[in-house]
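Spelled out from the first residue to the last, the chains are:
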Amino acid sequence: MMAVSSSCKDVSSNNKMQMDNGKYVRYTPEQVEALERLYHDCPKPSSMRRQQLIRECPILSNIEPKQIKVWFQNRRCREKQRKEASRLQAVNRKLTAMNKLLMEENDRLQKQVSQLVYENTFFRQQTQNATLATTDTSCESVVTSGQHHLTPQHPPRDASPAGLLSIADETLTEFLSKATGTAVEWVQMPGMKPGPDSIGIVAISHGCTGVAARACGLVGLDPTRVAEILKDRPSWYRDCRSVDVVNVLPTGSSGTIELLYMQLYAPTTLAPARDFWLLRYTSVLEDGSLVVCERSLNNTQNGPSMPQASHFVRAEMLPSGYLIRPCEGGGSIIHIVDHMDLEPWSVPEVLRPLYESSTLLAQKTTMAALRHLRQISQEVSQPNVTGWGRRPAALRALSQRLSKGFNEALNGFTDEGWSMLESDGIDDVTVHVNSSPSKMMGVPLSYANGFPSMSNAVLCAKASMLLQDVPPAILLRFLREHRSEWADSSIDAYSAAAVKAGPCSLPVPRAGNFGGQVILPLAHTIEHEEFLEVIKLENMGPYRNDMIMPSDIFLLQLCSGVDENAIGTSAELVFAPIDASFSDDAPIIPSGFRIIPLDSGKDASSPNRTLDLASALEVGTTGNKASGDYSAPSGSTKSVITIAFQFAFEIHLQENIATMARQYVRSIISSVQRVALALSPTRFGSQAGLRPPPGTPEAHTLARWISQSYRCYLGVELLKNEGSESTLKSLWHHSDALMCCSLKALPVFTFANQAGLDMLETTLVALQDITLEKIFDDNGRKTLCSEFPQIMQQGFMCLQGGICLSSMGRPVSYERAVAWKVLNEEENAHCICFMFINWSFV
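1. Overview of the pairing of strand β9 (residues 273-284)
By the criterion of burial, β9 is predominantly enclosed, with eleven of the twelve residues buried. Of the pairings in the sheet, the one linking strand β8 (residues 256-264) to β9 comprises nine bridges and is antiparallel in character. Across the sheet, Thr 256 pairs through a bridge with Thr 282, a residue of β9. Both β9 and strand β12 (residues 312-314) contribute to a ladder of three bridges, which runs parallel. Bridge pairing in β12 links Arg 274 to Val 313. Pairing of β9 with strand β10 (residues 290-296), which is carried by seven bridges, proceeds in the antiparallel orientation. Note that in β10 the partner of Val 284 across the bridge is Leu 290.

Put into structure tokens, the structure is as follows:
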């Protein structure tokens, strides 16, 4: 035996035992097997558990507990090194692939520069020739000039099998010229930065027909699997209602031509839905790349055609598709091009930006495809069970059901059984009824307990309206976090009772008894842009005797678009009452909100600037920038909000339910308008560029108390340059998360700086709904309860690093934390301030 130093880098130490004299003794295979079994069950056993292991395994009786502790330390270290090495290898592969993409992009840009130089020279010569030439003002010349701008009418294309093959070849060539060439002038998507953690390289078109977007990225799936997923467009594109394969034609080069009919949902009640008659061509290039390209067949003859459906506008897809290349080391490099003409003439002028924005197309279609592929790849590489014992694929299916149900109700297609009711004389709210909801939901309206539902119809009340000067993400977060500001608890109770067996009475809209809102996160996408969660509305007391009321109400809720920094992103809050059993075959009847920005430019207002009508601690308009720029955004922003609420009911109650639904949706519209007005930056003044109040006197006073108390108890300065700028401003831009909580039996947060709001993923308005214990796990709460008296007696307390939770349910790690008592002018305790140092999302 050799004397060597102990190190977790010594891989062979797996079969060795360290003695007190610095020697190693080899473990027997049986001993290693016993230790490995325990390691997989419990990687970090306690001292008691290690002693129990020695008692239960006689083969370990000659090993001291201290030596077993060292073995587990080395085993955890090797596991950590293995995971880190695997992660670094994955990052290296991704960087290599991204480097290849960037080199290809650089080549394309160089070709584009050369083309522009050539065109510039040509136009310069033409201008010089035109200057020298004599101007011809004859009638013939004028007529000819006018005819030059007329759109040429192309003859119908041949749609026979031979003609379709010719169209497919042209589509392939045009698509490749967009994906890797210069057929379209591409500009980088605003706000997108390439890097190892980015979704990919995303670009939008500039100056071409229609709207177009392009993306390049790396996914950990083989090309065949990628093509299979992308062809199933309804599974990842939420706006896609259906894709029907009408005909399939094999080609001589092992390719396939498919004729497709596709329908897209309308995003709002103010516009009709779109449909497409498409050719899709799948082939393999000489270099082994897989190509799936598509285009519209709008002007053909001698072949199959698809008549335009009622209530749909026939849109055009210009050559688009997917170029999928196998990547060295596994995975695929994918190029996506989406190019459409969505016929904006068919919608009101105020909505045309929705159909003329390449940014919106990139967000909703191109980037959605990449995100879905990355999500599938992550699930394949890291299979696990998440919220409520369901796997990610099952939760994704729930999200799809919520989104599809909301879109179906919003569009109200007759082929799904919807019919419109007559107006009550005011056209602000439209009401549709579906007397065959089983067809719409895809499941019978009955339940696993064997009892049929008494509800045999579904009613949907919906409306859309224009909003001014309120960012969609901020409004959505308010609606999510402050349900009591707009929802009627009696309606929530009725909707919950309607998905249970047994009769339920007509609700009377009024202030209800359901007060507590608990958010139970189920899952979120890897980009953290979509959340699936269960909302538990706790029963605060007795209710009406003539209604079957659940003790608690559960809502399945889908929230997306909460990132204020994303460009052109729509925000959605869709929810549906569910039974506590949460069975997979239960019907889902979704309701909710959709807010779509109508301006392509980025809103300059703060992500966390909200109005707290009850608090005097408003800092004013703030942002993530440390520069302290408080200027208001120039110009105004517009968005359209669509509201749709569904109610299951017994058919003989249709008239009463319709009256109630109209009344309820109108009350929600009033609440939304009131909240939007409060959140609008125009409340600070009508002129763009005015500086809002930098903070109330109370806010400045609290900031001074926080700084002075920290200096008093810890003996050091909290703010380094306090004299050069206001204490409040320095505190607000402090790099660590600072947050104050009240001195109550159940402490709630009353103030936080910018880093604190970012850490909790909340706003100043919603902050006061978050209790202190809510952000800690069980161990954190126990530590806090045991150490809280120390803060009150000693004045401060230092906490070791750990894990806490944001308001979205995301785990947040911090290196250490400090808590201290904040004293007022009379040296009485005003609140407790927490500072979380070096925090980051896990």
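2. Let's talk about the pattern of salt bridges
Within the structure shown, the criterion is met by 24 salt bridges. Residue Arg 37 pairs with Glu 33 through a salt bridge whose shortest N-O separation is 3.5 Å. Within this pair, Arg 37 and its partner Glu 33 are both found in helix α1 (residues 29-41), separated by four residues, close to a single helical turn. Among the salt bridges present, the one from Glu 258 reaches Arg 280, with a minimum N-O distance of 2.9 Å. Of this pair, Glu 258 sits in strand β8 while Arg 280 sits in strand β9, placing them 22 residues apart in sequence.

3. Some details on the nonpolar core
In terms of nonpolar packing, the biggest core is built from 49 residues, with Val 226, Leu 230, Met 262, Phe 276, Ile 334, Leu 354 and Leu 373 touching the most fellow members. In terms of residue count, the dominant contributor to this core is helix α8 (residues 358-381) (nine residues). With residues near it in sequence (within four places) discarded, Leu 230 still touches Trp 236, Tyr 322, Ile 334, Ala 369 and Leu 373. Formed by 48 residues, the second largest nonpolar core is a distinct cluster that contains Trp 705, Met 739, Ile 791 and Met 835.

4. Looking at the packing of α8 against helix α9 (residues 392-411)
Contact pair α8 / α9: the axes reach a minimum separation of 10 Å and the direction vectors enclose 150°. With respect to their mutual orientation, α8 and α9 come out roughly antiparallel. On the side of α8, the interface is formed by His 372, Ile 376 and Glu 379, while α9 contributes Pro 392, Ala 393 and Arg 396. For the contact of α8 with α9, a count of residues per class yields three nonpolar, one polar and two charged.

5. What about empty space enclosed by the protein?
In this approach a probe as big as a water molecule rolls over the atoms, and the regions it shows empty are the leftover space. With the rule as written, the count across this model stands at seven cavities of 30 Å³ or more. Computed from the structure, the largest cavity encloses a volume of approximately 240 Å³. Taken together, 20 residues form the lining of the largest cavity, with Tyr 237, Asp 239, Leu 342, Tyr 355 and Lys 364 sitting closest to its centre. Of all elements in the fold, only β9, α7 (352-356) and α8 reach the threshold of two or more residues within the lining of the largest cavity. Among the residues making up the lining of the largest cavity, the classes are represented as 15 nonpolar, two polar and three charged.

6. Describing the packing of aromatic side chains
Scanning all chains against the criterion turns up 18 aromatic pairs. Relative to Phe 841, the ring of Trp 839 lies with its centre 5.6 Å away and its plane at 85°, an arrangement referred to as edge-to-face. By way of ring pairs, the aromatic residues Trp 486, Phe 575, Phe 593, Phe 645, Phe 647 and Tyr 664 are connected into one cluster. The lysine or arginine in question, Arg 75, covers the ring of Tyr 39, its NZ or CZ lying 4.3 Å from the ring centre. Above the plane of the ring of Phe 575 lies Arg 483, whose end atom (NZ or CZ) is 4.6 Å from the centre.

Rules and cut-offs
- Residues numbered from 1 in each chain as written.
- Predicted model: local features only at pLDDT ≥ 70, side-chain atom pairs only at ≥ 80, totals over all residues.
- Heavy atoms only, no water.
- Buried < 20%, exposed > 50% of the residue type's maximum accessible area, 1.4 Å probe, protein only.
- Helix = DSSP H or I, 4+ residues; strand = E, 2+ residues; numbered from the N terminus.
- Pairing = 2+ DSSP bridges.
- Salt bridge = Lys/Arg side-chain N within 4 Å of Asp/Glu carboxyl O.
- Core = buried A, V, L, I, M, F, W, Y, C linked by side-chain atoms within 4.5 Å.
- Contact = heavy atoms within 4.5 Å.
- Axes fitted to C-alpha atoms, helices over the stretch in contact; angles between N-to-C directions.
- Parallel < 35°, antiparallel > 145°, perpendicular 65-115°, else oblique.
- Nonpolar A, V, L, I, M, F, W, Y, C, P; charged D, E, K, R; others polar.
- 1 Å grid on protein atoms, 1.4 Å probe; cavity = no way out; pocket = protein on both sides within 12 Å on 5 of 7 lines; lining within 4 Å.
- Points joined across faces, edges and corners; volume = space filled by probe spheres on them.
- Phe/Tyr/Trp six-rings, centres within 6.5 Å; stacked < 30°, edge-to-face > 60°.
- Lys NZ or Arg CZ within 6 Å of the ring centre and 35° of its normal.

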